[in-house]
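# Results of the structural survey
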Amino acid sequence: MGAYVGDVPEACDGCGRAAEASGMRSTGWAVRVAPANFEGVYCLECASALRLVPWWATCSDCGRASCDEAQAEKEGWRYFLDGMGELHPYCPSCLLKPALADSGDET
Ligand SMILES: [Zn+2]
Ligand SMILES: [Zn+2]
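Structure report, in brief. (Residues numbered from 1 in each chain as written. Chains lettered and ligands numbered in written order. Predicted model: local features only at pLDDT ≥ 70, side-chain atom pairs only at ≥ 80, totals over all residues.)

Here the focus is the overall build of the chain. On a plain count of helices and strands, the chain comes out with six helices and four strands. Within the chain, buried positions represent 24% of all 107 residues. (Helix = DSSP H or I, 4+ residues; strand = E, 2+ residues; numbered from the N terminus. Buried ≥ 20, exposed ≤ 12 C-beta atoms within 10 Å, placed from the backbone.)

Shown next, in the form of structure tokens:
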């Protein structure tokens, strides 16, 4: 536990793509800790395929809630991992805010 906190994982345990290729570096990732087959670190694509990411997300910034997974995906909701290993969903409007666009992307 805590091995990935504050650090971008090397690669997705689901699809095997590197952090760069799977978008983990730019859009975040999900950490699954469970005594099941799914344990590991997953890019958002795999995370949503495995249903690791809750679709009943509430935007961490404006508090707007999304209760429809397909709709949220269409709208472009994203999930970011903070230093504590917690996933924070953000609605598309808040993703457009400069402050958020800067964090997590260090190119
Ligand atoms: Zn993946
Ligand atoms: Zn928002």
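Bringing the environment of Gly76 into the picture now. With respect to the secondary-structure elements, Gly76 resides in the loop between helix H4 (69-75) and strand E3 (78-81). The exposure class assigned to Gly76 is exposed, which follows from the 12 C-beta atoms found within 10 Å. When the C-alpha atoms of Gly76 and Cys91 are compared, they prove to be 7.2 Å apart, with 15 residues separating the residues in sequence. Dropping the residues within four chain positions of it, Gly76 is found in contact with Pro92 and Leu95. (Contact = placed C-beta atoms within 7 Å.)

A regular strand carries its side chains on alternate faces of the sheet. With four bridges joining them, E3 and strand E4 (residues 87-90) adopt antiparallel strand pairing. When the bridges of E4 are listed, Arg78 appears paired with Tyr90. (Pairing = 2+ DSSP bridges.)

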